[in-house]
Amino acid sequence: MSINNQADQSRRKFLGNSAAVVAGVTIAPGILLHTPAQARSLDQAASSKQRWGILIDTNQCDSGCDKCVTACQTENGWGKNETKSNSEQQAQWIRKVELKDPNTGHQQSLPVMCQHCENPPCVDVCPTGASMKRDDGIVLVDKHICIGCRYCMMACPYKARSFIHEELKGQATVAPRGKGTVESCTMCVQRVDAGGSPACVEACPGKNGKAMVFGDLNDANSEIAKRLKQYGGKQIRADLGLNPSVRYQGI
Amino acid sequence: MKKPILREVNESMGFYALLGVFGALILVALGAVYFMEHNGHHVTGMNNQIVWGMPHVFALFLIVAASGALNVASIASVFGRYQYKPLAPLSTVLAAALLLGGLMVLVLDLGRPDRLIVAMTYYNFKSIFAWNIILYNGFLAILVVYLWTQLDPTMVKYGKIAGFAAFIWRLVLTTGTGSIFGFLVARQGYDAAIMAPMFIIMSFAFGLAVFMLVMFAAYKWTNRPLGDGIVRRLKNLLGVFVGAVLYFSLVFHLTNLYATEHHGVEAFILRDGGIFTNLYWWGHFVIGGLLPLFLLYCRKTRDSRTLIGLASLLIILGGIAQLYVIIVGGQAYPLDMFPGMEVSSSFADGVVNNYSPSLAETLLGLGGFAVAMLLVTVVARALRMLPESLADDVVDPHHSKADA
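All of these numbers come straight from a predicted model, not from anything done at the bench. (Residues numbered from 1 in each chain as written. Chains lettered and ligands numbered in written order. Predicted model: local features only at pLDDT ≥ 70, side-chain atom pairs only at ≥ 80, totals over all residues. Heavy atoms only, no water.)

This part takes up the overall build of chain A. What chain A contains, in helices and strands, is seven helices and nine strands. Counting every position in chain A, which comprises 251 residues, the buried fraction comes to 53%. For chain A, the share of sequence-separated contacts (at least 6 apart) that also reach a separation of at least 24 residues comes to 64%. Put simply, chain A shows about 11600 Å² of open surface, and 52% of that area lies on carbon and sulfur atoms. (Helix = DSSP H or I, 4+ residues; strand = E, 2+ residues; numbered from the N terminus. Buried < 20%, exposed > 50% of the residue type's maximum accessible area, 1.4 Å probe, protein only. Contact = heavy atoms within 4.5 Å. Areas by Shrake-Rupley, 256 points an atom, 1.4 Å probe, with all protein chains shown as cover.)

Below is the structure:
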């Protein structure tokens, strides 16, 4: 009996010690890994009356030209401050993609960025709701509640999103970016909210006239809506039914 | 029939040696996490093309195996096979331990693990990830109650209902885990409804394989008798599960092979994918499938505990290979944004993506195993959960007749 009691006491002592260890292990990471989030709230004053979109005419897009990419870098402050990441880890909000039809040899060049889908898979899969779509159709990441799980990157059919693999310095004030979170083209929301157009569209020289047009897809009198009505426009991966706000002519 | 007595393990040298080994592995893993989180993910092999790597392979293996580790308890409670009842507590504890190990790896690989509280307080109910957070936490809660019904004589009457709840819950849970990939329409390698049932059958095989090894180790190291009867039944069941995994894997690829649009990704995984092709055929199919089947059923090998243990180990290695092919291979194959066109860009469009896992990622993954095993060791000491004897006459008084 007494041997049993002793065994029981040693078991209880062991239980007590284990509980202390578990408590320590649970609490410690929160203290060690916590870094204060940057305080910034995005302006949510958007209306579903508008649906902002970009039309890209690939016939006007020069394969040697990357002015849209450099303009985006300058505006949003990416492309220079990731010094430790390798080329596959560095963020790219917009990229030039070269296409070649193997049957005919026909070549095309076009910029690809976040397509700002009406039914964005990144928003569907995001566990916290950090991936979100504004009422005016612009798809953004709320950097305050992004936990860096990268499920949105798995879900995006356009490979439009990038993960930040290192501590960043020298960021643009209009586009806060942070280590361990995901980011992508914001359609230059800061410019759009101020009544302007995205930096890429503004910088696009085109071959004979601009290759990029920005505007309100819901406004039948906007240039983008008129052009789409007259000449049509294609969606990349239209088969997925995501109805992106970025449309292409000539593909 | 003698009534099986559940007894805690003693604080022997071996017990502390196990705590030491697993504790050291966990410390190394935490060091790796600090290294990765302090520097950022640029010190890992992951990048903007391969966004999920080694940590996810290990984490998903552990989470899938957790569900399957409950097989033995389910067979006892849900299917009424009393012979397995004495092992139900070990099965339940192992399930919870593996799940916690897997979740630890998953959480510590987040870009912002310090924001775990955000994941717990902000829910997007359309996200399968968010469902899984609820499914995982709910599973842990059910397992605690289930274990209570197994260990407390006053709670035994609720055992059947708790067992049934746990059984249904784990099927839903593994459906959720498989659907992480099954619902990804964007990528050629995923987007298949068969992912969910395939993950369920994978969980049966991987979980039982881990259970077999833990059971063998626990009984050998505590010098408790373990009869051939229960081992024979479990290894036969394990063989059936391994065969079923191969079947699902074959059907998945055969279905894809029929559709021309999937020929590219199938050729990549099955023929031209280098490491992925080797891992699929040699790792998953031969080492994790055919070889264990041979060891478990061949007349010359099937009665050897060592070889049954080896088969279990091979199933685990094959399972990790299979998940590597699914998770990393599925991302390595380029996204098909412009069907029929040759594509190139500065962002790796149109090319097979590279991934070389770093040491830190792998150590974090192994840390998940260590957490699971440490928990089992500690609970085996803290609770009276391991039967003193699983000798044939204790487990089943009719064993000689049944096996004749």
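In terms of regular secondary structure, chain B is built from 15 helices and three strands. Its C-alpha atoms give chain B principal-axis dimensions of about 70 × 45 × 40 Å. Long-range pairs, those at least 24 residues apart, make up 79% of the contacts in chain B between residues at least 6 apart in sequence. Of the roughly 16000 Å² of accessible surface on chain B, 70% is carried by carbon and sulfur atoms.

What follows concerns the packing of aromatic side chains. Tallying each qualifying case throughout the model produces 23 aromatic pairs over all chains. Measuring from centroid to centroid gives 5.1 Å for Phe204 of chain B and Phe241 of chain B, while their planes differ by 50°, and the two rings are tilted. Here Phe241 of chain B lies in helix α9 (residues 228-258) and Phe204 of chain B lies in helix α8 (residues 195-221), a separation of 37 residues in the sequence. Assigned by exposure class, Phe204 of chain B and Phe241 of chain B land together as buried. Arranged with centres 5.7 Å apart and planes meeting at 45°, the rings of Phe268 of chain B and Phe276 of chain B form a pair that is tilted. Site record: aromatic cluster; members linked through ring pairs are Tyr151 of chain A together with Trp52, Phe129, Phe181, Tyr190 and Phe199 of chain B. (Phe/Tyr/Trp six-rings, centres within 6.5 Å; stacked < 30°, edge-to-face > 60°.)

Contact residues are listed per partner, giving 65 residues for chain B and 64 residues for chain A. A buried area of about 5700 Å², summed over both sides, lies between chain B and chain A, and 57% of it is on carbon and sulfur atoms. Linking chain B with chain A are four salt bridges, by the criterion used here. Note that Arg95 of chain A is salt-bridged to Asp349 of chain B, the shortest N-O span being 2.5 Å. If you look at where chain B meets chain A, you find 38 residue pairs in polar contact (both at pLDDT 80 or more). Taken together, the four bridges between strand β2 (residues 94-100) of chain A and strand β2 (residues 342-345) of chain B define a ladder with antiparallel strand orientation. Note on β2 of chain B: the bridge partner recorded for Glu98 of chain A is Ser344 of chain B. (Buried area = accessible area lost by both parts, 1.4 Å probe. Salt bridge = Lys/Arg side-chain N within 4 Å of Asp/Glu carboxyl O. Polar contact = N/O pair within 3.5 Å; in protein donor to acceptor, adjacent residues only side chain to side chain. Pairing = 2+ DSSP bridges.)

Now for the nonpolar core. Among the nonpolar cores identified, the biggest contains 199 residues, and Ile54 and Tyr151 of chain A together with Leu98, Phe181 and Met215 of chain B are the most heavily contacted of them. When residues of this core are assigned to their parent elements, the largest contribution, 19 residues, is made by α8 of chain B. The contacts of Met215 of chain B, once residues within four sequence positions are left out, are Leu87, Leu90, Leu226, Val231 and Leu234 of chain B. Formed by five residues, the second largest nonpolar core is a distinct cluster that contains Leu55, Leu217, Ile224 and Leu228 of chain A. (Core = buried A, V, L, I, M, F, W, Y, C linked by side-chain atoms within 4.5 Å.)

This part takes up the sheet that holds strand β9 (residues 246-249) of chain A. All names here are of chain A. Spatially, the three strands line up as an open sheet ordered β8-β1-β9, and their pairing is mixed. Edge positions in the sheet fall to β8 (212-216) and β9, since each has one partner strand and no second. Taking each pair of neighbouring strands and ignoring which way they run, the sheet shows an average axis angle of 20°. In this structure, strand β1 (residues 52-57) lies alongside β9, joined through four bridges in parallel fashion. Across the sheet, Ile54 pairs through a bridge with Val246, a residue of β9. Across the sheet, helix α7 (residues 223-231) lies against β1, β8 and β9, angled at about 110° from β8, the strand it touches most. (Axes fitted to C-alpha atoms, helices over the stretch in contact; angles between N-to-C directions.)

The next subject is the domain arrangement of chain A. Per the domain assignment, the segments making up chain A are domain 1 (1-34) and domain 2 (52-249). Inter-centroid distance (C-alpha atoms) of domain 1 of chain A to domain 2 of chain A is 52 Å. (Domains from an automatic or database assignment.)

Residue and element names in this part refer to chain B. Within the secondary structure, Ser91 sits in helix α4 (residues 88-108). Placed 124 residues apart in sequence, Ser91 and Met215 show a C-alpha to C-alpha distance of 9.2 Å. Not counting residues within four places of it along the chain, the set of residues in contact with Ser91 comprises Ala69, Leu70, Asn71, Val72, Ala73 and Phe211. A polar contact is formed between the side chain of Ser91 and the backbone oxygen of Ala69, at a distance of 2.7 Å.

Going through the model one piece at a time under the given rule, you end up with 19 salt bridges over all chains. The closest approach of N and O atoms between Arg191 of chain A and Glu75 of chain A, which form a salt bridge, is 2.8 Å. Of this pair, Arg191 of chain A sits in helix α5 (residues 189-193) while Glu75 of chain A sits in helix α2 (residues 67-76); the two residues are 116 residues apart in sequence, bridging distant segments of the chain. Two residues, Arg381 of chain B and Glu11 of chain B, come together in a salt bridge whose shortest N-O distance is 3.1 Å. Taken together, the residues Arg381 of chain B in helix α13 (residues 359-382) and Glu11 of chain B in the loop between β1 (6-7) and α1 (13-39) connect sequence positions 370 residues apart. Overall, the relative accessible area of 32% leaves Glu11 of chain B in the partly exposed class. Within the structure, one salt-bridge network assembled from shared partners comprises Glu75, Arg191 and Glu202 of chain A.

Before going further, it helps to examine the packing of helix α11 (residues 275-297) of chain B against helix α12 (residues 305-332) of chain B. All names here are of chain B. Between α11 and α12, the least distance of the axes is 8 Å, while the angle of their chain directions is 155°. The angle between the axes of α11 and α12 places the two elements in the roughly antiparallel class. Both α11 and α12 take part in a crossing whose hand is left-handed. Tallied by class, the residues present in the contact of α11 with α12 amount to 19 nonpolar, six polar and no charged. (Parallel < 35°, antiparallel > 145°, perpendicular 65-115°, else oblique. Left-handed = near helix turned anticlockwise from the far one by under 90°. Nonpolar A, V, L, I, M, F, W, Y, C, P; charged D, E, K, R; others polar.)

This brings us to a nonpolar patch on the surface. Taken together, Phe125, Trp131, Ile134 and Phe183 of chain B make up a surface patch of nonpolar side chains, about 430 Å² in accessible area. Here Phe125 of chain B shows up in the loop between α5 (116-121) and α6 (128-151). (Patch = residues over 30% accessible without salt bridge, like charges linked within 9 Å, V, L, I, M, F, W, Y side chains within 5 Å.)

Below, the discussion takes up unusual backbone geometry. Backbone geometry places His116 of chain A, a non-glycine residue, at a positive phi of 45°. Considering the arrangement of structural elements, one finds His116 of chain A in the loop between β3 (107-113) and α3 (121-125). Taking the relative accessible area as the measure of exposure, His116 of chain A reaches 1% and is therefore buried. A positive phi angle, near 55°, is found at Asp191 of chain B, a position not held by glycine. Among the secondary structure elements, Asp191 of chain B is positioned in the loop between α7 (159-182) and α8.

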